[in-house]
Amino acid sequence: MGTAGRDTGRDTGRAADRTTGVMVGARRKASDEWDVHDGCVVPPGPDPHRVAVLALDGVMTFELGIPARIFGSARSSDGAALYEVVVCTPDGRPVRTEAGFSIDVAYGPEALESADTVIVAPTHRLGSIAEEGLLPAPLAEALARIRPGTRTVSICTGAFVLAAAGLLDGRPATTHWAEAEHFRRLFPRVRFDEDVLFVDDGDLLSSAGAAAGVDVCLHLVRRDHGSALANQVARRCIVPPWRDGGQAQYIERPVPEPTTATTAPTRAWALERLDRPLTLGELAAHARMSVRTFTRRFRDEAGVTPGQWLTAQRVEVAKQLLETSDLSIDLVADRAGFGSANSLRQHMRALVGVSPAAYRHTFHTAAASGRATAGL
């Protein structure tokens, strides 16, 4: 199950736009002209994409820092910042954090007006939002400043804010699994999914708690600039470059003891052999387990089935080859282990939302020019 398996756009055109990184609501250029691609506004060339992070009282410090760390690490081939990240509050005043200290900010709600992406950081001090699903007047006024079509993201309990504002009505969304039952009762019009790391619905994205905020931000870098740059950012931040958005949020079973056999060595072994067919029996044999035990333990550890995991890894290989090489689609399919171009097209459309040719058209030029930074 790929990330795009939770990218539930309302039509095919929109799915292609969000996957290829087309941004709705980009800022105007100095010339007051907009770049338009397939009917959607895209970020102006020389200006970095502006991300405004909205901090509320009781903001969680770890999640608050994620956007600046991830987007701040995204650089072009000549070292220019691709994003500008600012933190704001609904009234421009300092806010308390859940860690016992307060933070001062340079921006108030006016920052939301010029943002290309707005991210609502989480807090447990939701007050009337969590009790009645109602926004306090200052927060409602701040959110009203966001331009229509601006990409809006919630991390963890930030989804309560978007839902209370009515932005998630009829849309898919997620939040931390521990808040799932309460969220579902409070906002029945939201198509809620508690079993995923994040949901991408085009101009609205939501993630589960804590580290899932890293996943959704890396997903946005990948969506905007391709896998090669997202992998560079992940390497700089010392985090895994990719976790499937449809992956389960948490594992109910205990983490295996060090003496218990795991599937991790077999996953590493499989990653070196993605270009050839790999059967479930082969994987189980390598792990020295029965097929039944291997399948159960694999899902416990990875959150997906072996088949879903293999397909997702092969799609990632294909995406990198499409970005960084001039190999034909047939050769890309072969080297990624799909066997045929038709199989690659089928899985790319299912997991990414576009064809291999469309993906290459979007990312190949940018990736090729950015290869100079690959060693950073």
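Treat the numbers as computed from the prediction; the structure is a model and nothing was measured.

**Structural notes on the overall build of the chain**
Piece 1. Scanning the chain for helices and strands turns up 16 helices and twelve strands.
Piece 2. Residues classed as buried in the chain amount to 51% of the 376 residues present.
Piece 3. Sequence-distant contacts, at least 24 apart, represent 66% of the contacts inside the chain between residues at least 6 apart.
Piece 4. When the accessible surface of the chain is totalled, it reaches about 16,700 Å², and 53% of it is carbon and sulfur.

**Here's the deal with the confidence of the model for the chain**
Regions with low pLDDT should not have their predicted coordinates read in detail.
Piece 1. Mean pLDDT over the chain works out to 83, with 79% of the residues at or above the 70 mark.
Piece 2. Contacts for the low-pLDDT stretch residues 1-44, under 50 throughout, to residues beyond four places or in other chains number 120 contacts.

**Observations concerning the packing of helix 9 (residues 227-237) against helix 13 (residues 306-324)**
Piece 1. Running from N to C, helix 9 and helix 13 cross one another at 110°; their axes reach a closest spacing of 9 Å. Classified by the interaxial angle, the pair formed by helix 9 and helix 13 is roughly perpendicular. Between helix 9 and helix 13, the residues in contact are Ser227, Ala228 and Asn231 and Glu316, Lys319, Gln320 and Glu323, respectively.
Piece 2. Residues belonging to the contact of helix 9 with helix 13 are distributed by class as follows: one nonpolar, three polar and three charged.

**Comments concerning the nonpolar core**
Piece 1. In this structure, Ile70, Phe71, Ile119 and Val221 are the most contacted members of the largest nonpolar core, which totals 32 residues.
Piece 2. Examining the composition of this core, we find that six residues originate from one element, helix 8 (residues 212-225), more than from any other.
Piece 3. Not counting residues within four places of it along the chain, the set of residues in contact with Phe71 comprises Val51, Tyr83, Val85, Ile119, Cys217, Leu220 and Val221.
Piece 4. Of all hydrophobic cores here, the second largest spans 31 residues; its members include Ala52, Leu139, Ala142 and Phe192.

**Quick look at the pattern of salt bridges**
Piece 1. Using the criterion set out here, one finds 16 salt bridges in the structure.
Piece 2. With a shortest N-O distance of 3.5 Å, Glu84 and Arg50 are connected by a salt bridge. Residue Glu84 is found in strand 4 (residues 83-88), and its partner Arg50 is found in strand 3 (residues 49-54); the two are separated by 34 residues along the sequence.
Piece 3. In this structure, Asp116 and Arg147 form a salt bridge, with 3.9 Å as the shortest nitrogen-oxygen distance. Of this pair, Asp116 sits in the loop between helix 3 (110-113) and strand 7 (117-120) while Arg147 sits in the loop between helix 5 (137-143) and strand 8 (151-155), and the two are 31 residues apart along the sequence.
Piece 4. What you see here is one network of salt bridges that share partners, running through Asp57, Arg96 and Arg125.

**Topic: the packing of aromatic side chains**
Piece 1. Going through the model one piece at a time under the given rule, you end up with seven aromatic pairs.
Piece 2. One aromatic cluster is present, formed by Phe160, Phe183, Phe187 and Phe192 through successive ring pairs.
Piece 3. Between Arg267 and the ring centre of Phe298, over which it is positioned, the NZ or CZ distance is 5.8 Å.

**Quick look at the sheet that holds strand 4**
Piece 1. Strand order in this open sheet of six strands is 4-3-7-8-12-11, and the pairing throughout is mixed. In the strand order of this sheet, the two ends are held by strand 4 and strand 11 (198-200), each with one partner. Shown here is a sheet whose adjacent strand axes are inclined to one another by a mean of 15°, direction ignored.
Piece 2. The strands touched by helix 2 (residues 61-71) within the sheet are strand 3, strand 4, strand 7 and strand 8, with strand 4 carrying the most contacts at an inclination of about 160°.

**A word on the packing of helix 2 against helix 8**
Piece 1. Contact geometry of helix 2 with helix 8 gives a least axis separation of 9 Å together with a crossing angle of 30°. Here the hand of the crossing between helix 2 and helix 8 comes out right-handed. The segment helix 2 lies against helix 8, with Ile66, Pro67, Ile70 and Phe71 engaging Gly213, Val214, Cys217, Leu218, Leu220 and Val221.
Piece 2. A breakdown of the residues in the contact of helix 2 with helix 8 according to their chemical character gives nine nonpolar, one polar and no charged.

**A few points about unusual backbone geometry**
Piece 1. Backbone geometry places Ala210, a non-glycine residue, at a positive phi of 50°.
Piece 2. Inspection of the secondary structure puts Ala210 in the loop between strand 12 (204-207) and helix 8.
Piece 3. Its relative accessible area of 34% is what places Ala210 among the partly exposed residues.
Piece 4. Even without being glycine, Ile238 reaches a positive phi, approximately 55°.

Criteria and thresholds
Each chain has its residues counted from 1, following the order in which its sequence is written. Local features in this predicted model are restricted to residues whose pLDDT is 70 or higher, and side-chain atom pairs enter the listing and the counts only when it is 80 or higher, whereas totals over whole chains, interfaces and linings include all residues. Just so you know, side-chain values use all the structure's heavy atoms and leave hydrogens and water out. Helix numbers and strand numbers start at the N terminus; a helix is a DSSP run of H or I with at least 4 residues, a strand a run of E with at least 2. The cut-offs for exposure are 20% and 50% of the maximum accessible area for each residue type, with area from a 1.4 Å probe on protein chains only; residues under the lower value are buried, those over the upper are exposed, and the others partly exposed. Residue contacts follow a heavy-atom distance rule, with two residues in contact if any of their heavy atoms lie within 4.5 Å. Accessible surface area values rest on a Shrake-Rupley calculation with a 1.4 Å probe, where residue burial reflects the displayed protein chains alone. The pLDDT score gives, residue by residue, the confidence of the prediction method on a 0 to 100 scale. To obtain an axis, a line is fitted to C-alpha atoms, over the contacting stretch when the element is a helix, and the angle between two such axes runs from 0 to 180 degrees between their N-to-C directions. Any angle that is under 35 degrees is reported as roughly parallel, and any over 145 degrees as roughly antiparallel; angles of 65 to 115 degrees are reported as roughly perpendicular and all others as oblique. For this classification, Asp, Glu, Lys and Arg are treated as charged, while Ala, Val, Leu, Ile, Met, Phe, Trp, Tyr, Cys and Pro are nonpolar and the rest, including Gly, are polar. Take the buried Ala, Val, Leu, Ile, Met, Phe, Trp, Tyr and Cys residues and link them wherever side-chain atoms come within 4.5 Å; each set so joined is a nonpolar core. The rule for a salt bridge is simple: a side-chain nitrogen of Lys or Arg has to be within 4 Å of a carboxyl oxygen of Asp or Glu. We call Phe, Tyr and Trp rings a pair once their centres come within 6.5 Å, taking the six-membered ring for Trp, and we label the pair stacked below 30 degrees between planes, edge-to-face above 60, and tilted otherwise. Placement of a positive charge over a ring is assigned whenever Lys NZ or Arg CZ falls within 6 Å of the ring centre and within 35 degrees of the normal to the ring plane. Should DSSP find at least two bridges between two strands, the strands are taken to pair. In this scheme the handedness of a crossing depends on how the near helix is turned from the far one: anticlockwise by less than a right angle means left-handed, clockwise means right-handed.

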